[in-house]
Amino acid sequence: MSVFTGTGTLFRIMIRKERVRLSIWIVSISVLFLLSILSFPETYPTQEDRQGRALLLESPALRAMAGPGYGIENYTFGAMITNEMFLYVAVAAAFMSIFMIVRNTRAEEESGLSELVKAGAVGRVSMSAAAFLLMVLSNLFIAVIIIIGMPYTIEGLSWEGASAFGIGVAGVGIMFGTISLLMAQVSESAGAASGISSALLGLAFLFRAVGDVASVDAWRWLSPIGWGQAMRAFVDERWWPLGLFGGGIILLAVAAIYVDYRRDDGAGVLRVQGGKARAGGGLTHLLGLQSFLFRWVFLSWAAGAALYGVAMGAISEEAADFFADNPIGEDFLVQAEGATLAESLFATYMAFLAMLAAGYALQVMTKMLREEKSGRGEILLVQSVPRPRWMLDYLLISCVGSFMLLVISGIGAGALYGYYTDSADGAWKVFFAAIAQTPAVWVFVGLAALLMGLWPKALSLVWLVYTAFTLIGLIGPLLQLPEWVSDISPYAQIPGVPAEEWTVWSTVILLAVFAVFTVVGMYTIRKRDLVI
Amino acid sequence: MNELVKLEGVSKYFGKHAALEHVDLTIQNGETIGFLGPNGSGKSTTIRVMLGLLKKSGGEVKLFGKDAWTGAVDIHKRVAYVPGDVNVWPNLTGGQVIDVLGKLHGKFNEEKRQQLIERFQLDPRKKSKTYSKGNRQKLALITAFASEADLYIFDEPTSGLDPLMASIFRECVRELKHEGKAVLLSSHILAEVEELCDRVSIIKEGKIIESGTLEELRHLTRISITAETKETVASLVERSDVHQWEADGSKVHFYVDVEGLAPVMQKLAAAGVVSLESRPPTLEEIFLRHYESKAGEAG
Ligand SMILES: Nc1ncnc2c1ncn2[C@@H]1O[C@H](COP(=O)(O)OP(=O)(O)OP(=O)(O)O)[C@@H](O)[C@H]1O
Ligand SMILES: [Mg+2]
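Note that the structure is a prediction, hence the values are computed from the model and not measured.

How would you sum up the overall build of chain B? Please name residues and give values.
Assigned secondary structure in chain B consists of ten helices and 14 strands. Along the three orthogonal principal directions, the C-alpha set of chain B runs to about 70 × 40 × 35 Å. Here chain B, with 299 residues, has 52% of them falling under the buried criterion. For chain B, the computed accessible surface area is about 13,100 Å², with 49% contributed by carbon and sulfur atoms.

With reference to specific residues and values, describe the domain arrangement of chain A.
Along its sequence, chain A is carved into domain 1 (7-34 + 86-262) and domain 2 (293-313 + 332-527). Look at where the C-alpha atoms of domain 1 of chain A and domain 2 of chain A centre, and you get two points 35 Å apart.

An account of the packing of aromatic side chains is needed here, citing residue identities and associated values.
All names here are of chain A. Counting across every chain of the model gives 29 aromatic pairs over all chains. Taking 5.7 Å as the distance between ring centres and 20° as the angle between the ring planes, the aromatic pair formed by Phe 95 and Phe 99 counts as stacked. In this pair, Phe 95 and Phe 99 both sit in helix α5 (residues 77-104), four residues apart, roughly one turn of the helix. In this structure Phe 95 comes out as partly exposed when scored by relative accessible area, which is 28%. With 5.7 Å between their ring centres and 70° between their planes, Phe 298 and Tyr 360 make a pair best called edge-to-face. Taken together, the residues span a long stretch of sequence, with Phe 298 in helix α14 (residues 286-325) and Tyr 360 in helix α15 (residues 341-374) at a distance of 62 residues. You can call Tyr 360 buried: its relative accessible area is 1%. Over the ring of Phe 77 we find Arg 50, and its NZ or CZ is 4.3 Å from the ring centre. The lysine or arginine in question, Arg 124, covers the ring of Tyr 261, its NZ or CZ lying 5.8 Å from the ring centre.

Describe the sheet that holds strand β7 (residues 151-155) of chain B, listing the residues and the values that go with them.
All names here are of chain B. Reading across the sheet, the six strands line up as β6-β7-β8-β3-β9-β10 and stay open at both edges, with mixed pairing between neighbours. Each of the sheet's edge strands pairs with one partner strand only, and the pair in question is β6 (79-82) and β10 (207-213). Looking at each pair of strands side by side, their axes are set apart by 15° on average, direction ignored. In this sheet, strand β8 (residues 182-186) lies alongside strand β3 (residues 32-36) in parallel orientation, the contact comprising four bridges. Bridged to Ile 33 within β8 is Leu 184.

I'd like a description of the site of ligand 1, backed by residues and values.
In the vicinity of ligand 1 there are 14 residues, among which B:Gly40, B:Gly42, B:Lys43, B:Ser44 and B:Thr45 approach most closely. More than one chain lines the surroundings of ligand 1; the residues nearby belong to chains A and B. Within the side chain of B:His17, an N or O atom sits 3.3 Å from an oxygen atom of ligand 1. At 3.0 Å, a side-chain N or O of B:Asn39 approaches an oxygen atom of ligand 1. Bound to the protein, ligand 1 loses 65% of the 640 Å² it would expose on its own. Among the elements of the structure, β2 (17-28) and α1 (43-50) of chain B are those that each provide at least two residues to the shell around ligand 1. Among the elements that make up the shell around ligand 1, the one with the highest residue count is α1(B) (three residues). Each residue belonging to the shell around ligand 1 can be placed in one class, and the counts come to four nonpolar, eight polar and two charged.

Provide a residue-level description of the packing of helix α5 (residues 133-146) of chain B against helix α6 (residues 163-178) of chain B, including the pertinent values.
All names here are of chain B. As a packed pair, α5 and α6 sit with axes 12 Å apart at the nearest point and diverge in direction by 15°. Between α5 and α6, the interaxial angle falls into the category roughly parallel. For the pair α5 and α6, the crossing hand works out as left-handed. On α6, the residues that touch Lys 138, Leu 141 and Phe 145 of α5 are Met 165, Phe 169, Cys 172, Val 173 and Leu 176. For the contact of α5 with α6, the per-class residue count stands at seven nonpolar, no polar and one charged.

Summarise the interface of chain A and chain B; cite the residues concerned and give the values.
Taken together, the contact pairs 34 residues of chain A with 36 residues of chain B. Here chain A and chain B share an interface that buries about 3,200 Å² over both sides, 61% of which is from carbon and sulfur atoms. The largest per-residue losses of area from chain A upon contact with chain B belong to A:Arg278, A:Ile379 and A:Gln383, which jointly make up 19% of the total buried on that side. Summed over the shared surface of chain A and chain B, the result is four salt bridges. Put simply, A:Asp529 and B:Lys12 hold a salt bridge, and the shortest N to O gap is 2.6 Å. At the boundary of chain A with chain B, the tally comes to 16 residue pairs in polar contact (both at pLDDT 80 or more). At the level of elements, α14, α15 and α16 (376-381) of chain A are the ones that each hand at least two residues to the side of chain A that touches chain B. Broken down by element, the residue count for the side of chain A that touches chain B peaks at five residues, all from α16(A). Among the residues making up the side of chain A that touches chain B, the classes are represented as 14 nonpolar, nine polar and eleven charged.

Go over the sheet that holds strand β11 (residues 223-229) of chain B, please, and point to the residues and values.
Residues and elements named next belong to chain B. Taken together, the four strands give an open sheet; going across it, the order is β12-β13-β11-β14, and neighbouring strands pair in antiparallel fashion. Here the strands that pair on one side only, and so sit at the sheet edges, are β12 (242-248) and β14 (273-279). In this sheet, adjacent strand axes meet at a mean angle of 15° when their direction is disregarded. Across five bridges, the pairing between β12 and strand β13 (residues 251-256) is antiparallel. Note that in β13 the partner of Asp 248 across the bridge is Lys 251. Most of the contacts of helix α9 (residues 261-270) go to β11, to which it runs at about 10°, and overall it touches β11, β12, β13 and β14.

Run through the nonpolar core, naming residues and quoting values.
What tends to happen in soluble globular proteins is that the nonpolar side chains get buried as a cluster. Core analysis: the biggest nonpolar cluster contains 147 residues, and B:Leu63, B:Phe145 and B:Phe154 have the highest contact counts within it. Element by element, the count of residues in this core is highest for α15(A), at 17 residues. Here B:Phe154 is in contact with B:Val82, B:Leu141, B:Ala144, B:Phe145, B:Phe169, B:Val173, B:Leu176, B:Val183, B:Leu184, B:Leu185 and B:Ser186, once residues within four sequence places are set aside. Judged by nonpolar contacts, the second largest core, of 74 residues, contains A:Phe86, A:Leu87, A:Ala90 and A:Ala164.

For unusual backbone geometry, give the residues involved together with the corresponding values.
Negative phi characterises most residues that are not glycine, and trans characterises most peptide bonds. Residue and element names in this part refer to chain B. For His 22, which is not glycine, the phi dihedral falls at a positive 50°. One can find His 22 in strand β2. Phi angles above zero are rare outside glycine, and Gln 121 is one such case at about 50°. Mapped onto the elements, Gln 121 comes out in the loop between α4 (110-119) and α5.

Tell me about the side chain of B:Ser201, and please be specific about residues and values.
If you trace the backbone, B:Ser201 turns up in strand β9 (residues 199-204). A residue is classified by how much of its surface remains accessible, and B:Ser201, at 3% relative accessible area, is buried.

Residues and numbers for the domain arrangement of chain B, please.
The domain architecture assigned to chain B consists of domain 1 (3-217) and domain 2 (222-280). Using C-alpha coordinates to define each centre, domain 1 of chain B is positioned 42 Å away from domain 2 of chain B.

Definitions and cut-offs
- Residues numbered from 1 in each chain as written.
- Chains lettered and ligands numbered in written order.
- Predicted model: local features only at pLDDT ≥ 70, side-chain atom pairs only at ≥ 80, totals over all residues.
- Heavy atoms only, no water.
- Helix = DSSP H or I, 4+ residues; strand = E, 2+ residues; numbered from the N terminus.
- Buried < 20%, exposed > 50% of the residue type's maximum accessible area, 1.4 Å probe, protein only.
- Areas by Shrake-Rupley, 256 points an atom, 1.4 Å probe, with all protein chains shown as cover.
- Domains from an automatic or database assignment.
- Phe/Tyr/Trp six-rings, centres within 6.5 Å; stacked < 30°, edge-to-face > 60°.
- Lys NZ or Arg CZ within 6 Å of the ring centre and 35° of its normal.
- Pairing = 2+ DSSP bridges.
- Axes fitted to C-alpha atoms, helices over the stretch in contact; angles between N-to-C directions.
- Near = heavy atom within 4 Å.
- Polar contact = N/O pair within 3.5 Å; in protein donor to acceptor, adjacent residues only side chain to side chain.
- Nonpolar A, V, L, I, M, F, W, Y, C, P; charged D, E, K, R; others polar.
- Parallel < 35°, antiparallel > 145°, perpendicular 65-115°, else oblique.
- Left-handed = near helix turned anticlockwise from the far one by under 90°.
- Contact = heavy atoms within 4.5 Å.
- Buried area = accessible area lost by both parts, 1.4 Å probe.
- Salt bridge = Lys/Arg side-chain N within 4 Å of Asp/Glu carboxyl O.
- Core = buried A, V, L, I, M, F, W, Y, C linked by side-chain atoms within 4.5 Å.

Next comes the structure, spelled out in structure tokens:
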């Protein structure tokens, strides 16, 4: 029996299992991309408009978040798309590949399913091989849709450019899929495999950002995303970066297959040897334990909040100019008498920031129910932990944590804005606008606590409410919904600082709602059955 | 008062479904109680009602003289509990989990902790997510045995343990008994219950159907008779207290209810008994009889 026996059968099983999920990924990435460029000719009818847009790429902050700036002298639609969108389409393809690979290799092993499969007439590395094939195929699918679709979407886009774009996207996707295939072999858990792969993707993003901002080629070459951009789609296409992709992919794939061949089922190479045999003092009280369990959740949201804050501050001036030229965009902005455009812009940013912080807060609160359902809640509670005390920790971690996210983001945005405008007052205003969102975020926490006490089975409703209010906040102004609909949202209760005046009473009312919800939740959680 | 646990007429409904109906159960100081019953009969539910994790729908539940629901937190201080399905935090090591749970519980014996880790052959440095079911169960067992408590509650504690570890578990329970602690042991392993428990309660479809010492259970139930007689005793099969009649020539085998033993013996003697073997039923026979549905039971 060869080590590849059964690859074809496994491949067919995988397709069956993945057909819905993978189709959604493939279609979302390729079709959404095509849809999003559909409006470009209307938005930028003349060469002058496009050159105006190209100016944005002069700013380091935007260059870090977009492309390398090839072809900005003559900013055609093709150059615009490559500079501003390639990055994101490629990153999406990379995520699709990473998750798909890990789902079908290490995660299967973790759940013990692969044991059944490998016990059958299946070669040692057939699972990896089948997953690899499916991953390559999915990326090629995306490439084909893009290559065929782009010239139809915008007139005048060349086949050659579309090919460079599409193949570049597939190259990045396959590259990271292969990286995760290797990671799935060496690490012992699915979480670690996708975590390490995603971190490498983040590094690749960062390296090319540094390369693009400082125009240093060495950094760009460190990043597979940079290789894709170096194909210079629609500017002057170059094909030799394909050699880098090919070489890298083959090397990594061979390494992954080799490790898979050598190791035991279920084992890894990066075996976590010798963890701690004892719990330190911090862990052995309840809040310490819960904080420890949430530390990565918080840190990753904090990194996001910091990035968002810095980005807000960095692009505020340019973005204000941009909106000044684009009246359509103003629908999104908080309108207020006598406010500067930058202030309106910040007021809008802050509403988004509140959504981000509420997302973290709800992730913490809803974890509580999952703990209860999994039996980890039960085993804690019988160590003579009163139920309200148990809930209190989640409340603290989500309230204090979300407040800290607002502070972190506010410091980033305020400091940069103050630096650009040389105004301490401006910096303070922006910072204050960030922390002024706190009560709106906490109302969601309160709602979660209330449901946890009264009706735990319906806890996931908080996500529905959150999504509804977030959507209303995002696109409500465009949908021209009746005013009362957007008015019941907690976000809407916070005045649009810094564009509008801050008011004490709105904060007090929201905090009162939060307090009532929380107290009722803590009281009623003592009165109900544990969800087991 | 040395009655640690007292359940009286306890019922528990999940919606319309009655998981427990009029359950009575007592545990005296120093007693080890076996709690048996088929899958889904209500053992775990009873335990959770006792621990105030589920709210009773009716009846009275008292532990250490306190109401199980309102006094749950105080009660937990005096109870060590090992759930049937042990789930812990995947990213903590086994040693960390034991410490976390032990310290939260309060009275935690460090010395015992070390000894138990060695006895149960647990590697405390491994992350919990890499533990097998049995090893996760060991975590909870070590925590419970190292905690000072008056009542130890085990819900199917050996379902994931290998035979060697199961015997170490039994050893640890014997030590608890020796210290005069009370134990409630829910289990499907009959030998374990037979070896450890002073009294047994059998629950079926939410009702306690049998309860008493093993001796009582044996003698209050049917007795197995194998006999060889000169004349036929076939008429015995008519009796309502004779069950599972099997005849093979002059040899017969059947069970008889205790009340019917005397008349049946007279009948056998009258028929000229050649050989007679009577024994109380094994625990297994008792269980299987109770576990089988009413429909499947002969006579
Ligand atoms: N949270 C719940 N919601 C609804 N029904 C439940 C719930 N918990 C238990 N039940 C039902 O109550 C009955 C008793 O369940 P329980 O878990 O107590 O059985 P058990 O005796 O412990 O069984 P096993 O030997 O399989 O562990 C079952 O019919 C079960 O379906
Ligand atoms: Mg059970």
